[in-house]
Every structure is written in structure tokens, then in C-alpha cells.
Amino acid sequence: MRHTIAVLVENEFGVLSRVVGLFSGRGFNIDSLTVAPTNDEALSRITLVTRGDEQIIEQITKQLNKLIDVIKVIDFEPEHAIEREMVLVKVSAEEQSRAEVLRIADIFRAKVIDVTPKSYTLEATGAPAKVSAMVELLRPLGLKELVSTGPVVIGRGAKAWKG
Amino acid sequence: MKLNGARILLECLKREGVDTIFGYPGGTVINLYDELFSFKEIRHILPRHEQAGVHAADGYARATGKVGVAIATSGPGATNTITGIATAYMDSIPMVIITGQVPTALIGNDAFQEADIIGITRPCTKHNFLVKDVKDLATIMKKAFYIARTGRPGPVLVDLPKDVQIAQTEFHYPESVEIRGYKPTVEGHPKQIEKAVTMIMQAKKPVIYVGGGVILGNAAAELVALAKRLGIPVTTTLMGLGSYPENDPHSLGLLGMHGTYYANMAVSHCDMLIAIGARFDDRVTGKIASFAPHAKIVHVDVDPTSIKKNVRVDLPIVGDVRDVLVKMLKVADEIGPDAKACQAALAPWIAEIDEWKQKHPMTYKQATSVIKPQYVIQRLRALSDPDAIVATDVGQHQMWTAQFFGFTTPRTLLSSGGLGTMGFGLPAAMGAQAGFPDRQVMVVCGDGGFQMNMQELATIVQNRLNVKIVILNNNFLGMVRQWQELFFDKRYSSTCMELPIDFIKLAEAFGATGLQATKVEEVDEVIKKGFATKGPVLMEFKVAREEKVLPMVPAGASLTEMVLAS
């Protein structure tokens, strides 16, 4: 099962490596990882995507909670969360495919952020499924480079989670 | 008044009640040692290797219940502490390790004697700190001690750059510290406790299974009270030995790989297992799928990650074991029948266990021609003080000590349970003796483990530590040899230590007394003389070479598949 876990941590050096070390030390895998400061400058928020059965995820959340620098851990349920990621993608744009790239970009509300006679670079944000659907449509046209942030997640509703 | 970082560190230690530290000087802690030179309120013991210094601080902590403190210099000094730190981490021992570090301006520059000790110790400390500013030092020290001793205890490392030791600031030691991400759950949930007691009282075949958490949580008296109140038999892990008196009729002794037949049978047949401060190590459970197959499991632990890590749990209680045990006892008094009625209800179960006890007691085949190691352990018990502290190394002698010594008091067995560190025993005994100068302290070693840290004989002699060293010498790395015998067709690959070391001369070379027994009738004589002789004594017993630790559950087998002694 894929899980998106948010971890609120002290904004101090070495914290990320504690979190990551916990995964590597126990043989758990991280599919993606995003870290940035929050509205409270003393805190950072890590969003990570991992996989495992119920028991593994329980251990992961408990072990994360056990770290001294970790303030809160939430294993988001998909129906109660909004997930977004951003992707920058460079696509070949030859004579016959230029229009198709733009059409796809338009459908997915992606922005063209760089153009050359041979390429377009697009910026797209959205739910991971949407982003990957766009990438799959672009792939046959000649995907030259792709970079993604990995998802960040926030809970639905009025309740905020500030630590 | 402004103080320099080195002095501040010592003032912090003093305020934490530290009276003894184990440390090794070097370039990056020379300022600290300079301050220590005139700081007479703390006793400093110089080991001969940093690893031993940390084991000594660990032994001191295990025996006294206080936080152990060790110091090492940067680079090689710091990396030498790793085995000691990992040992303490696995057994949840409260310690603060202070390492010197190169000046802050040089950190990350591959300076002389620089190692990223924060990075290296991250997976084997409860937490660690790099002090970048002298102004933070006092608060960091307060946090370090607080983290080390609260919740599930553990080692905390403080890395202290040289320039921070020299820099000056006003000294103020905080009364308390607030750590946002660290709020251990101490009080057990009342509803869970009530549910647990109700479940336990309905059980027909309950067993209490106790780990080192009961000793670390100073809850042995509460454990005994609860077990007696409910009439439930108690088995312990290696780390739990001493928490329940083994001379009590309801004691089942050790369980697991080298546990008693009756403990393993009781756990395999029980309908309720009450795990307290124990973490279901694979050496205890054997094959997980067949561990306590008929039992509902109640698990009490201060560390939520220990619960449901290895086995299913029907009722978890997170909290300090002493708090939970006190509350359980109270609930039992409120809702349950009295002690007599509880005991009467469990009489058939106790009778079943007694039958197992009679059928397969913990025993070994005595010999007259050669000294049996188990016999030495029994005689040590018989001839030592009731509150004697016994450190062990790791291997066969460790298991024989666990099986045959008969521990009755908490904090009297000091043994590396989790990491299984050879070389632990001698320095741990040294630390315990420093903590309790007036108590009898002995270490039981094999010839292999002793040789891993035997340089500490020098420390013991120099500091007049009255440690009695017992070597069960079979000229083998015995436990590995046993596995080779049982599972590798007696192919004794590199486990024979045939070199004729004269341990007696070795002891004398260091200034200690050396005694030796080669015959059965010499055993008592040597032990008596050893205990009666003032100062450090090494007692070597030439024991049966191919004696095995039995009973034994082969690795990965079920607890009922025991290889028995008879």
C-alpha cells in the first residue's frame, strides 16, 4: 500500500538525515521526499511517500514519532487529503509534434516555460495521478528530461495542522 | 561570572549528580582535562581503551541506576566508543557520552583527528548534539541528561568542539527543559489497565514475561507484589534476571533459546501472556509463528515502538512500568477476588508447571574428572554475598551464569543482552565497582571475551577496584564452537584458542593476584581465596572443553523443540 506521510520536524541541521536514516536502517523504502520550511520558521515539514503493509506503516510512524526532533507525524488517508506535485518536463518539439505538445499542455493546464526550435519545457502541477497521466501522453513525443518535486500533502477541511 | 565551555561542562555534570566519569584525554578535550585537573568533585577514571571507558560507564549505570558518563577525544577516540554506545543503546542504558571535536571552523575540512561522530552515532544513540555555541552548552547538557534518563532510557552523545570549550559565557543551568518533540508517555491509560486486569483475572493459564524494562524502571518490587497478588508464575529474559527472585516457587527462570524447559513449556501452553518491559527478541520467541500460540497478549512498555513490532498484541499499555504495575495492583484489589482465591483458581496451572519442573529441571551432568562450568557458577553463588554484582561477557559462560547463578536482586546481573558484545564484562564490572566500592563485584568471562578488553586489568589495578575476575577457560570460542558442533558437523573453523596463555602470570604482570583451578576439588578453595584476597583477583578455571549450553532451542525453531540436557 502506498502511504503519504507528513512529518513536522525542528528546523535544525541533521534532522533530515535522522528521518532518512531511520528508513535506510530498517530497510524501508522511500518513494519520494519533499522538505521545506513552514509558516513557523522553527519548523520544517517533510512529506514522504512510502509503501508497506499495515504493520510496516505502523512501525514507520511510531519510529518517526520516537525521534526527538519530530514533533508530529500524520499518515494521511487519501480521501482526507489533497496531494499535489510539480513537474518540469522537457519535450522534443519537431515540426510534426509541436502542436500536439501544446494541446496536451493545454488539456492539463501546464505552462510553457521555455521554448526552442527543438523543444518545449512545460511546468505542470496537480495530483500525482494527473501529472503522471500528462507525462505518459508526452512520452511518445520524445521526453528529453523530467524533474518532479514529489508530492506534498495537506489535510482537507478547515482544521489546520501547525504543530 | 563568565566561565569557559570546559568548566561549564563540568559544572553541568556536577549539577546532574555525576560523581564518577570514565574518560580518555586527547587533543580536542585537552582543555576539558585541564579544567578537570583542579575539579575535585568528580572522580575521573582513565581506562586503557575508549571502548572500555564506555562499557565502564554502562556498567556503572546498570548497577547504580544513575546516568553513566564517558569522555573521549575526537576522531579515533570517538570512533572507539561506538561498540560501547551501541551496546548501551540496545539495552536502553542511560548514558551521556561527551566527545571532543575539532574547532568549529575546521569541521568538515578533514582536519586531523576529525570524524563525523554525530553522523556515525545517529543510528545507535537515543539522540545526539553538536554544540556550536558555548551559550547553548548548559541547555544541551540538561537536555542530554533528561533524554538519557526518561522514557525508554538510552545513550545520548554530546559532541563538543575545542573552541567551544575555550569560549566563555555566563553560566546558568536551567531547572528544566522543554523539548517539543519529546513527551514520553509515562502514565498508563486507566481504561486499558482495567481491561488488562479483567482479562488477566479471567485467564486460566497466565504467565508473566518480564524484560529489562522492569529493572530499568525500578519496578521489581511492584512486579513481585502483582505476581504474588494474582498468583501468576514469572519468567524473565536475560535482561530481566534479578527482577523476580529465582528462589521463589513461582519463578520460571529464563525463557527462550537457553531458557528452562518449564518456562518455554509454560509460555507455549499459556492462555494469557503478560509482557512487561520486554521486547520479544528473537532469542526469546524462537519461531514467531508458534510463540505463545494459545495466548492473549497484554504488553506493557514505555516505548510504543516495542509494541506489536514482533508479535501480535491484544492489549497494549504504553507507560512507565512501575506506574502501570502500581495501578494494576490497585485495580486488582478493587475488582478482583482476594489473593488466596486467585491462587486457588490457578492451582491446576501451577500443578501442571510443577510437573514440567520435576520432569526437566535445569540441570547438567556433574563430573569428577573435569570441572564443569555450571558447577563453578553454582559455587560462585553459594560462596558470594547475596547482593554480589555479576558482570558477564558474551557466550557460553554468559548463558551458564544466567541459568545457574540464581539471581534474586535487580541490578546484580550486568550483561550485554541486545548487542551481545564480547569484551563487555571486564570494563562493566570495573564501572560497577566504581559505583559500589563496598559491594562484591565479579565478572564471569570466557577466555575469548576476556582477551578482548584484558588491558583493563591495568585500570582496575591502578584505581584499586576490587573486581574479582572469573575466567571459565575452555580454550574455545565456546558458543560458536557449540553451534559448529551441533549444526556444522564439528568443523571447528577458527574457534580454537589453543595458545597457552598463562593468565596467572598475566594478572601478576598487571599487579593483580592470579589463582587457578584445574581440578573439581580446587574450585571452592580458589573461590574462597579469591573473595578473601584484597584487591583485584583473577581466578582461572580450566573447564570441560566441549561442554554445551543446554537446554537449547535451535535458532528459528519453536520453543517446544528443545534440545535437552539429559
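Residues numbered from 1 in each chain as written. Chains lettered and ligands numbered in written order. Predicted model: local features only at pLDDT ≥ 70, side-chain atom pairs only at ≥ 80, totals over all residues. Heavy atoms only, no water.

### Section: empty space enclosed by the protein
Unoccupied space between atoms shows up once a probe the size of one water molecule is rolled over them.
Residues and elements named next belong to chain B.
No. 1: The final tally for this structure, using the stated rule, is one cavity of 30 Å³ or more.
No. 2: Counted as a void, the largest cavity has a volume near 140 Å³.
No. 3: Lining of the largest cavity is provided by Arg62, Ile93, Gly212, Ile215, Leu216, Leu238, Met239, Leu241, Arg411, Leu413, Leu414 and Ser415.
No. 4: Secondary structure elements with two or more residues in the lining of the largest cavity: helix H10 (212-216) and strand E16 (413-414).
No. 5: In terms of residue count, H10 provides more of the lining of the largest cavity than any other element does, three residues in total. (1 Å grid on protein atoms, 1.4 Å probe; cavity = no way out; pocket = protein on both sides within 12 Å on 5 of 7 lines; lining within 4 Å. Points joined across faces, edges and corners; volume = space filled by probe spheres on them. Helix = DSSP H or I, 4+ residues; strand = E, 2+ residues; numbered from the N terminus.)

### Let's talk about helix H22 (residues 478-487) of chain B
No. 1: For H22 of chain B, the complete set of buried residues consists of Gly478, Met479, Arg481, Gln482, Gln484 and Glu485 of chain B.
No. 2: Directly after H22 of chain B, the chain includes Asp489 of chain B, whose backbone phi takes a positive value near 60°. (Buried < 20%, exposed > 50% of the residue type's maximum accessible area, 1.4 Å probe, protein only.)

### A word on the interface of chain A and chain B
Much of the literature gives interface size as the accessible area that the parts lose upon coming together.
No. 1: Listed by partner, the interface residues are 20 residues for chain A and 18 residues for chain B.
No. 2: The largest contributions to the chain A side of the interface with chain B come from Phe13, Arg18 and Ile68 of chain A, which together make up 40% of the buried area.
No. 3: For the interface between chain A and chain B, the tally reads three salt bridges.
No. 4: Between Arg180 of chain B and Asp40 of chain A there is a salt bridge, with the nearest N and O atoms lying 3.7 Å from each other.
No. 5: Here chain A and chain B share nine residue pairs in polar contact (both at pLDDT 80 or more) between them.
No. 6: The set of elements that each furnish at least two residues to the side of chain A that touches chain B consists of helix H1 (15-25), helix H2 (54-66) and strand E4 (70-76) of chain A.
No. 7: Here the side of chain A that touches chain B takes seven residues from H2 of chain A, the largest share from any one element.
No. 8: When the residues that make up the side of chain A that touches chain B are grouped by side-chain class, the tally is six nonpolar, seven polar and seven charged. (Contact = heavy atoms within 4.5 Å. Buried area = accessible area lost by both parts, 1.4 Å probe. Salt bridge = Lys/Arg side-chain N within 4 Å of Asp/Glu carboxyl O. Polar contact = N/O pair within 3.5 Å; in protein donor to acceptor, adjacent residues only side chain to side chain. Nonpolar A, V, L, I, M, F, W, Y, C, P; charged D, E, K, R; others polar.)

### Regarding the UniProt feature "domain: ACT" (unreviewed entry) in chain A
No. 1: Those places that UniProt annotates as "domain: ACT" (unreviewed entry) correspond, in this numbering, to residues 4-78 of chain A.
No. 2: Structurally, residues 4-78 of chain A comprises 32% helix and 41% strand, and the distance from its first C-alpha atom to its last is 8 Å. (UniProt positions renumbered as here; feature names shortened; annotations may be inferred.)

### Points about the side chain of Thr121 of chain A
No. 1: Turning to its location among the elements, Thr121 of chain A is positioned in strand E7 (residues 119-126).
No. 2: Beyond its immediate stretch of four places on either side in the chain, Thr121 of chain A contacts Val89, Lys90, Lys111, Val112, Ile113 and Asp114 of chain A.

### Observations regarding the UniProt feature "domain: Thiamine pyrophosphate enzyme N-terminal TPP-binding" (unreviewed entry) in chain B
No. 1: Cross-referencing UniProt, the feature "domain: Thiamine pyrophosphate enzyme N-terminal TPP-binding" (unreviewed entry) maps to residues 4-118 of chain B in the present numbering.
No. 2: Across residues 4-118 of chain B, helical content stands at 43% and strand content at 17%; the span's end C-alpha atoms are separated by 23 Å.

### Details of the packing of helix H1 (residues 5-15) of chain B against helix H2 (residues 30-37) of chain B
Residues and elements named next belong to chain B.
No. 1: Orientation of H1 relative to H2, taken along the N-to-C sense of each, is 60°, at an axis distance of 8 Å. When the axis of H1 is compared with that of H2, the two are oblique. The handedness of the crossing between H1 and H2 is right-handed. Taking contact as the criterion, the partners of Ala6, Arg7, Leu9 and Leu10 in H1 are, on H2, Asn31, Leu32, Glu35 and Leu36.
No. 2: Looking at the contact of H1 with H2 residue by residue, the classes come out as five nonpolar, one polar and two charged. (Axes fitted to C-alpha atoms, helices over the stretch in contact; angles between N-to-C directions. Parallel < 35°, antiparallel > 145°, perpendicular 65-115°, else oblique. Left-handed = near helix turned anticlockwise from the far one by under 90°.)

### Details of the sheet that holds strand E19 (residues 513-517) of chain B
Residue and element names in this part refer to chain B.
No. 1: Judged by pairing direction, the sheet is parallel, and its six strands sit side by side in the order E16-E15-E17-E18-E20-E19 without closing on themselves. Two strands in the sheet have a free side with no partner beyond their single neighbour: E16 and E19.
No. 2: Judged from the five bridges that link them, E19 and strand E20 (residues 537-542) form a sheet pairing that is parallel. Paired with Gln516 across the bridge in E20 is Glu540. (Pairing = 2+ DSSP bridges.)

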